[in-house]
Amino acid sequence: MTVKSLYARSTALHASIRRVAVVLFSAVTVIGVFSAPAQAGSFSSSLSGVGPNFESNRWSESSSATTTTIKFTGCSSDLSSVNVTLAKDINNLPDSYYVRASFTQCFASSTSVSTGNWSDHGAGKYYFIVNDGGVGGSRVSVKKTVASW
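Notes on the structure in this doc start here. (Residues numbered from 1 in each chain as written. Predicted model: local features only at pLDDT ≥ 70, side-chain atom pairs only at ≥ 80, totals over all residues. Heavy atoms only, no water.)

This part covers the environment of Thr66. Tracing the backbone shows Thr66 in the loop between strand E3 (59–61) and strand E4 (67–77). By relative accessible area, which is 10% here, Thr66 ends up buried. When the C-alpha positions of Thr66 and Ser119 are compared, they lie 6.3 Å apart, and in sequence the two are 53 residues distant. If near-sequence neighbours (up to four positions away) are discounted, Thr66 is found in contact with Glu61, Trp118, Ser119, Asp120, His121 and Trp149. A distance of 3.1 Å separates the side chain of Thr66 from the backbone oxygen of Ser63, its partner in a polar contact. (Helix = DSSP H or I, 4+ residues; strand = E, 2+ residues; numbered from the N terminus. Buried < 20%, exposed > 50% of the residue type's maximum accessible area, 1.4 Å probe, protein only. Contact = heavy atoms within 4.5 Å. Polar contact = N/O pair within 3.5 Å; in protein donor to acceptor, adjacent residues only side chain to side chain.)

Encoded structure:
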């Protein structure tokens, strides 16, 4: 074998490796584009002494496949739990209410978190309600709330 034929084989091998790298990079890019979430979003806030039936800000979810997660960090109240209900804002009709979550862990410390998850509830405008139905005159404060979808 001559030096010229080794060089030709080496050049051909480098070209093949480059083609494989381009194909793999393209495949990874295409998979990444199609696996990205549709329209993810979130907002955070805090609550200070809110009473029963307090309603959060509204947000829009554009996909019916979205899971909504609500987290409360550092809760305080004269109660040991806070009920959180996800609601769908429906124009000119009664709103839809989803399963109520009872948050207790967030009362353990100022950094403890309670989490509720709701899935498959359709696109639309949503909000959460604190202690819907009223629990006496109890008020609740939450160091940080996060709603994500």
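Turning next to the pairing of strand E6 (residues 96–103). One ladder, built from six bridges, connects strand E5 (residues 82–89) with E6; its direction is antiparallel. If you follow Thr85 over to E6, its bridge partner there is Arg100. Counted between consecutive antiparallel strands, the loop separating E5 from E6 contains six residues, among which Asn92 sits at a positive phi close to 60°. (Pairing = 2+ DSSP bridges.)

Spatially, E1-E9-E4-E7 is the arrangement adopted by the four strands of the open sheet, whose pairing is antiparallel. Among the strands making up the open sheet, the edge pair consists of strand E1 (42–50) and strand E7 (113–119). This sheet shows a mean twist of 20° between the axes of neighbouring strands, independent of strand direction. Pairing geometry for E1 and strand E9 (residues 140–148), over six bridges, is antiparallel. In the sheet register, Ser44 faces E9, and the bridge partner there is Val146. (Axes fitted to C-alpha atoms, helices over the stretch in contact; angles between N-to-C directions.)

Mapped onto the secondary structure, Val140 falls in strand E9. Exposure remark for Val140: the relative accessible area of 2% places this residue in the buried category. Put simply, Val140 and Gly51 are 89 residues apart on the chain and 6.7 Å apart in space, counted from C-alpha to C-alpha. Val140 has contacts with Ser48, Gly49, Val50, Ser76, Ser77, Val82, Phe107 and Val130, leaving out every residue within four places of it along the chain.

Turning our eyes to something else, we now look at the pattern of salt bridges. By the definition in use, this model includes three salt bridges. The salt bridge partner of Arg58 is Glu55, with a shortest N-O separation of 3.0 Å. A residue is classified by how much of its surface remains accessible, and Arg58, at 33% relative accessible area, is partly exposed. Of the charged contacts, one joins Asp89 and Arg58 as a salt bridge, the two residues approaching to 3.2 Å between their closest N and O atoms. Here Asp89 is found in strand E5, whereas its partner Arg58 is found in the loop between strand E2 (54–55) and E3, with 31 residues between them in sequence. Its relative accessible area of 25% is what places Asp89 among the partly exposed residues. (Salt bridge = Lys/Arg side-chain N within 4 Å of Asp/Glu carboxyl O.)

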